[in-house]
Every structure is written in structure tokens, then in C-alpha cells.
Amino acid sequence: MRRAFSVSLLRSNPLLLSHSSGNSAVVALDNQYYYNSSSSSCCCAFTSTFHVYAISHFSTNPNPFKPNSTFPYSSDPTHARLKQLLLEKSKTGFDKLDDALAVFDKMLHMKPLPSVYQFAQLLAALVKMKRYSVAVSLFRDMCVKGIPVDLFTFNTAINCFCHLNRVDYAFSLLAGTIKRGFHPDVVTFNTLIRGLISQDNPAEAQLLFTNLIRFKLIQPDVVTYTTIINGLCKRAHASTAVTLFRYMEKKGCNPNTVTYNIVIDCLCKLRLVDQALGLLHEMTKKGITPNVITYSSLIQGLCDFNRWQDVNQLLSEMNTRNISPNVHTFNILVDAYGKEGMINDAEDVIEFMIQRGQHPDVVTYSALMDGYCLRGEVDKALVVLETTMKKRGVVPDTRSYNILINGYCKKLKVDRAVDLFQQLPREGLSPTIETYNTILQGYFLTGRHVEAHKFFKEKMMLNKGLKIGMVTCNIMLDGLFKNRCMDEAMSFFHLMQCNGLTPHIGSYNIIINGLCKNGNFEKAKIMFESLPSKDLLPNVKTYNIMIQGFLQEGLLDEASELFVEMEANDCMPNDVTYNTLIRGCFHNEKYNEASVLVDQMRARSFSEDASTTSVLLDLLVSKEHDPAIIALRKKYLT
């Protein structure tokens, strides 16, 4: 049922009509506007809905509007004393919430009533304290009691609703702002845009931004552009973000350090580090000063490519500019060195940061532990957790234990991993789904599939707080197949589907591979051919599995046909594809075909792996006079 909705303000503001949330809708019928009362519109007016919601959701106990009557700083506050107090607290916040409420209560009884600016300062103090719901409640009470409000107080309340993840009520206040005769400013809309992005509604944020420009409601400032660019970058839309970045410059709005940092970080995460470096040089030429965030993003991007010389250059540049690396910067270096097995360098970084007065945190030491585990030195990682961290007063977290548990499982020391798993509750920590998955995988790696199944059933399925997803199910499938429990694996697969889990291509890859490895190639082929009917596209791994399966069955021609098919389906072969097929040609004495594949592989910057090279070396010895082998030898030696 629909009820009439008075929105004369919306008629003159098409911007508001463009915005809706969820199933909400403001629709036009015969030039009359109606509100769909079955939903919650972001653009509803500032009506009793807001008042009821505020009273029921944003009050404190006891009643926030009848606090302790004692004024916290003076028994008889004068307006001058109040002015000084609010000026201070609007910047720092009150020490106690009760103090803020007591001040509000006294303000209500002062004659003459304090100015709207002073009430706004009180709300600002609550925002500083992150007491957003209380600020909304006080704002509501101001409106109910007829205390004058201004655009600043409206903006504060809108900001609070956005922080409370209720951007729909923030839009209610926008309508109320217009209805009271105020003109929303750039701060109002910046707040709403930021609220939409924080609630993962970047499309609506972009629509709002577009309409702001289209209807010339405000002149976007650097905060507006930066907020939208940030939303685009969070969704990895780097190209659009850069386009908007250039557009704002054309419109005479100069990006600041924050804007550059957002775009640089986005480019680095998308592995476009050279473009990011270009922006660093650009901003310095324009006199925009980079900061530690700028350099940290770039260092992370360069570390991802092992460009250590460039990393050192940036660190040197930071030193020249008197920009000190922070803990995050150092953690990036420790993590990068650890992942490359350069554990001594990682330890040197930690020592250096201590010398510089920076305190290594749990992230620092977890990265160091991970580096040790990657080298197979799990016991040294344990020393870091049990000795070094304790000595430094750093408390390990669940991730620290997950790293160790994973390290011991990979060393096939599952019992030691289980001991650490059981230690977590004693340390006041809760295992995550990653912890459980690691133990489960560890049992399968050591061939203890019965214990794996028991662990899954008793520790995971019965744990109501644990959300089991496709990662866990794929571990179960892979483990069962690798332990030759094929019937159990297929039963588990059907159980997954019955419980509402939709297998993705990764699940089917595990099954197809498992069937091939367990001598059921025909079943694997049937499942592969059924993928289109399930709206699934084979990926390169799927094709590689099937090509290997055909070759194991001695069906080189079929494997070659599948190789051609995958390219026709826009699935490009990788180095595994080429090496698998080349070895198949060798085994079937199709040396000329192998030679052609070698040329294609190298043209795509792939190279022969150890297995392919080993097979060829054997052929060079056993068939050294074969012309085709001689030609292959020349290719390999060039």
C-alpha cells in the first residue's frame, strides 16, 4: 500500500530523486510523488520516522537528558566559562560522557540560551569522543525542544549517521535540511559521499557526485574529488580514478598529498608501480610534499617486484627529505625480505627500527616468523614467538599462531601443530577458519585422512561459530582424492551441493584431477564436458589437467585438439600447458611437433621446466643421430 508523501523540496532538487537505497523507491505517478512505505528511502523527509528511530536507538541509559545535575567544572557556569570550556572540548572531547551530558543539561536551563554555535561545539566534542549515537540523540532533543539549529549541526548529525552505517537516515536529514530553508554545502555532500562509500555503495556515491556537477548544486572541492577517487580505487578502478584525478586538475581543483597517496597506493596494488613512481615525481615537481604514506605504498609496490635497488633509493630519498619510516614502513621491509628468504636482512631491519626508536609490533614479528617458516626453520620461528616477543612485551595474536601451525604442518609435524592449536584458548585467543583449515590440510598431507575426517566432523561442523565455506570443502575434496578415498570424496561433493554450497571451477578442477589420478579418466571427461551446462568456464588449470589426462591415456591427438580449443575459447596456455604437451610429443616420438611447440612457448616468454629438459637430455643420448633430435638440441642450446 502506498501513502502520499509531501516532497515539494524534491521537485526542485532532482538530485534527491536520483538516490535510493535497497528496495526503497520514490516514484512519480501523474506528477504526484509517493513514498514506498514498504522500504526505507535514503531521501525521505525529516519526519517523525527520524524522531522515533533516534529515541529508540540512540539514547543512553540512564536517560541522557537527565544526567547528574552537578556541572562538572563550575557550580554556576557563566556564559564566558561555558564558551571557554566548549572551545576546548570541541577539539579534544570530554573525559567522560556524563560530563558532556551534564553540560548539555545545564545549557538547556541557561538564560539567555547559549548560541547555536555553542550547541554545535558540544556535538563536535561528542564526535571527537566517537559517541555518534549520543550526538544524534542530543541533536534530536534540540529539535524537539525548539532550540535553533544551523547547517553545521545538521552536517554533524549527518556525519554521525554515516559513522553509524545508517546513510539512509543521513539522507533523511539532508531532506530535513532543505525543508528548513538551509542550503546543503560541500561539507554536507562530502559527508554523504563518504558515507555511501563506507557502506560499499560506490555506484550511488558516483551518481550523487555526477548529479552535484550536473545540476551545479555545489562546487566540488579537493575533499569531494578525493573521496570519490578513493571509492574508485577501493574497487580497483584505477583507470577511472586517474581520469577523474586529471579532470579535477582541469577544473582548477588541485590534488593534495592525500589524493596523490590514494592513487599511488591503488596503482601499486595493481602492480603498476612505474606509473605510481611517475606520480611521485609529478607531485614533487608541483611542490606537493610526499609523506611517509606515499613512500610506504611505493616501497610495498617495489618489494612485490623484488626491486631492491629502487627500494634503497626511495629510503635514501626519504632520509634526504627528513621523512622517517614508521612501523608500517619497516613491517613492509621485514615481510618482503622474509618472503624472499633474506632472513638476515629482515632481522637487520628490526634492529635498525629499534635503534631509530620505533617499537616492533606483532605484525613485525609475525612477518619474521613467516620468513623463518618459509625457509623451513619453524623452530626458530617458535623462538621468536616464545622468547623474543615475550622479551619485547609484544603479545602474539591468532595470526602469529596460524603462521607457526602452518609451518609445522608443512614440515609434516602435525601433532606439534595440534598442540599449538590447543594452546590458543589458553592464551585467550580464538582459532579462525584459517587455523582449522591448516590443521585439516596437515592431517591430509601426512596421510591421516581418518583423523582429518574426524577433525572436520567433531571440531568444525559442530562449531556453530565457524562458517565453513568453499575453501574448507575444497581441502576436504583434495585431501580425500589424494588419499585415494574416491567414493568418499564424491559423496562429500554431493553433500556440499545438498547443503546449498555452489561449487566453483576450483572445486571441479580438484574432482577432475582426482578422477584422472585415480584411473577414472572417462568420468573426468564427462564432468569436464558438463561444465558449460553448469555455467562454468574451464580455466587454464582445467585444460592442463585434461591435457595431462589425455596424454596419460596415450591420446596425443585429443590432447592437441584440446590445446587448440582452449585458445579458441580465449583461455591462453601457460608454461605448464606447453611443457606438458611437449613432453607428450617426446614420449610419442613427435619431435617436429615438439619443436614447433618450443618455438611457440619461447615466443610467449615461457621456458622449459626441469622435467621437459630431463626428457630431452635422455633423448639426446639415446637418439643422438635422429635429425629431429639434432634440430631440437640446437634450439635448446641457443
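Quick note: structure is the one above.
So, how was this worked out
- Residues numbered from 1 in each chain as written.
- Predicted model: local features only at pLDDT ≥ 70, side-chain atom pairs only at ≥ 80, totals over all residues.
- Heavy atoms only, no water.
- Helix = DSSP H or I, 4+ residues; strand = E, 2+ residues; numbered from the N terminus.
- Contact = heavy atoms within 4.5 Å.
- Areas by Shrake-Rupley, 256 points an atom, 1.4 Å probe, with all protein chains shown as cover.
- Buried < 20%, exposed > 50% of the residue type's maximum accessible area, 1.4 Å probe, protein only.
- Salt bridge = Lys/Arg side-chain N within 4 Å of Asp/Glu carboxyl O.
- Expected span 1.5 Å × (residues − 1).
- Polar contact = N/O pair within 3.5 Å; in protein donor to acceptor, adjacent residues only side chain to side chain.
- Axes fitted to C-alpha atoms, helices over the stretch in contact; angles between N-to-C directions.
- Parallel < 35°, antiparallel > 145°, perpendicular 65-115°, else oblique.
- Left-handed = near helix turned anticlockwise from the far one by under 90°.
- Nonpolar A, V, L, I, M, F, W, Y, C, P; charged D, E, K, R; others polar.
- Patch = residues over 30% accessible without salt bridge, like charges linked within 9 Å, V, L, I, M, F, W, Y side chains within 5 Å.
- Lys, Arg positive; Asp, Glu negative; His and termini not counted.
- Charge placed at Lys NZ, Arg CZ, Asp CG, Glu CD.
- 1 Å grid on protein atoms, 1.4 Å probe; cavity = no way out; pocket = protein on both sides within 12 Å on 5 of 7 lines; lining within 4 Å.
- Points joined across faces, edges and corners; volume = space filled by probe spheres on them.
- Disulfide = S-S within 2.5 Å.

Engineer: Sorry if this is basic, but what is going on with the overall build of the chain here?
Structural biologist: Helix and strand content of the chain: 35 helices and 3 strands. Taking as baseline every contact in the chain between residues at least 6 positions apart, the subset at least 24 positions apart corresponds to 62%. Split by element, the accessible area of the chain, about 32200 Å² in all, is 51% carbon and sulfur.

Engineer: Looking at this structure, I do not really get unusual backbone geometry. What am I missing?
Structural biologist: Outside of glycine, negative phi angles account for most residues, and trans bonds account for most peptide bonds. Each neighbour pair has its own omega, and for Lys111 with Pro112 the value is -5°, a cis peptide bond. Although it is not a glycine, Asp200 adopts a positive phi angle of roughly 60°. Tracing the chain through its elements places Asp200 in the loop between helix 10 (186-198) and helix 11 (202-214). For Asp200, a relative accessible area of 55% corresponds to the exposed category. Even without a glycine there, the phi angle at Glu589 is positive, about 60°. On the basis of relative accessibility, which here comes to 51%, the residue Glu589 falls in the exposed class.

Engineer: When you look at the pattern of salt bridges in this model, what are you seeing that I'm missing?
Structural biologist: Here the idea is simple: oppositely charged side chains can pair when their charged atoms come close. Tallied over the entire structure, the rule returns 23 salt bridges. Here Asp141 and Lys145 are joined by a salt bridge, their closest N and O atoms 3.9 Å apart. Of the charged contacts in the structure, one is a salt bridge between Glu282 and Lys286, with a shortest N-O distance of 3.3 Å. Relative accessible area serves as the criterion here: at 45%, Lys286 is assigned to the partly exposed category.

Engineer: Would you mind showing me how to read helix 24 (residues 433-445) here?
Structural biologist: Structural remark: α-helix, 3.6 residues per turn; residues separated by three or four positions point the same way. Here helix 24 spans 18 Å end to end across 13 residues, near enough to the 18 Å set by a 1.5 Å rise per residue. The complete set of buried residues in helix 24 reads Thr435, Tyr436, Asn437, Thr438, Ile439, Leu440, Gly442, Tyr443 and Phe444. Looking at the buried positions of helix 24, the neighbouring elements they touch are helix 22 (398-410), helix 23 (414-423), helix 25 (449-461) and helix 26 (470-482). Trailing helix 24 by a residue or two, Gly447 shows a phi angle of about 75°, which is positive.

Engineer: I tried to follow helix 10 on my own but got confused; where do I start?
Structural biologist: Over its 13 residues, helix 10 extends 18 Å from the first C-alpha to the last, a length consistent with the 18 Å expected when each residue adds 1.5 Å. Most of helix 10 sits inside the fold, with 10 of its 13 residues counted as buried. By the burial criterion, the buried members of helix 10 are Val186, Thr188, Phe189, Asn190, Thr191, Leu192, Ile193, Gly195, Leu196 and Ile197. One side-chain oxygen of the residue at the start of helix 10 lies 3.1 Å from the amide nitrogen of Val187, identifying that residue as Asp185. A positive backbone phi angle near 60° is found at Asp200, which sits one or two residues after helix 10.

Engineer: Quick question: what am I supposed to make of the environment of Ser595 here?
Structural biologist: Relative to the helices and strands, Ser595 resides in helix 33 (residues 591-603). You can call Ser595 buried: its relative accessible area is 14%. Remark: the alpha-carbon pair of Ser595 and Lys635, spanning 40 residues in sequence, is separated by 8.1 Å. Residue contacts for Ser595: discarding those within four places in its chain leaves Leu632 and Lys635.

Engineer: What is the right way to look at the packing of helix 11 against helix 12 (residues 222-234) in this model?
Structural biologist: Packed helix pairs are specified by the crossing angle of their axes together with the interaxial distance, meaning the distance between the axes. Two elements in contact, helix 11 and helix 12, have axes whose closest approach is 10 Å; the angle formed by their N-to-C orientations is 150°. One way to sum up the angle between helix 11 and helix 12 is to call them roughly antiparallel. With respect to the hand of their crossing, helix 11 and helix 12 are arranged in left-handed fashion. Every residue of helix 12 that contacts helix 11 at Pro202, Ala205, Gln206 and Phe209 is listed here: Thr224, Tyr225, Ile228, Gly231 and Leu232. Residues belonging to the contact of helix 11 with helix 12 are distributed by class as follows: 6 nonpolar, 3 polar and no charged.

Engineer: Help me out: how do you make sense of the side chain of Asp168 in this one?
Structural biologist: Relative to the assigned elements, Asp168 resides in helix 9 (residues 167-179). For Asp168, a relative accessible area of 10% puts it in the buried group. A polar contact is formed between the side chain of Asp168 and the side chain of Arg166, at a distance of 2.4 Å.

Engineer: Would you take a moment to explain the side chain of Thr472 for this structure?
Structural biologist: In this fold, Thr472 is placed in helix 26. Judged by relative accessible area, which is 1%, Thr472 ranks as buried. Apart from the residues lying within four places of it in its own chain, the contact partners of Thr472 are Ile433, Asn437, Leu440, Phe456 and Met460.

Engineer: Can you help me understand a negative patch on the surface in this one?
Structural biologist: Where like charges cluster on the molecular surface, the negative patch consists of Asp557, Glu558, Glu561 and Glu565. Here Glu561 is to be found in helix 31 (residues 556-568).

Engineer: Quick question: what am I supposed to make of the layout of surface pockets here?
Structural biologist: Which parts of space are left empty comes out when a probe the size of a water molecule is rolled across the atoms. What the largest pocket holds in volume is close to 340 Å³. Lining the largest pocket are 16 residues, and of these Asn509, Asn513, Lys517, Lys541 and Ile545 sit closest to its centre. Residues belonging to the lining of the largest pocket are distributed by class as follows: 4 nonpolar, 8 polar and 4 charged. Counting only elements with at least two residues in the lining of the second largest pocket, the list comes to helix 20 (362-374), helix 22 and helix 24. For the lining of the second largest pocket, the element with the most residues is helix 22, which contributes 6 residues. Looking at side-chain class alone, the lining of the second largest pocket contains 4 nonpolar, 6 polar and 5 charged residues.

Engineer: When you look at the packing of helix 12 against helix 13 (residues 238-250) in this model, what are you seeing that I'm missing?
Structural biologist: It is at 9 Å that the axes of helix 12 and helix 13 come closest, and there the two elements cross at 170°. Between helix 12 and helix 13, the crossing angle belongs to the class labelled roughly antiparallel. Helix 13 is crossed by helix 12, and the crossing has left-handed handedness. Where helix 12 abuts helix 13, its residues Val222, Tyr225, Ile228, Ile229, Leu232 and Cys233 lie against Thr240, Ala241, Leu244, Phe245, Tyr247 and Met248. In the contact of helix 12 with helix 13, the residues fall into 11 nonpolar, 1 polar and no charged.

Engineer: Teacher, can you tell me more about the state of the cysteines here?
Structural biologist: Throughout this description, disulfide means a covalent bond between two cysteine sulfur atoms. Scanning the model with the defined rule gives 0 disulfides in all. Sulfur of Cys268: no disulfide; nearest cysteine sulfur belongs to Cys266 and is 9.3 Å away.

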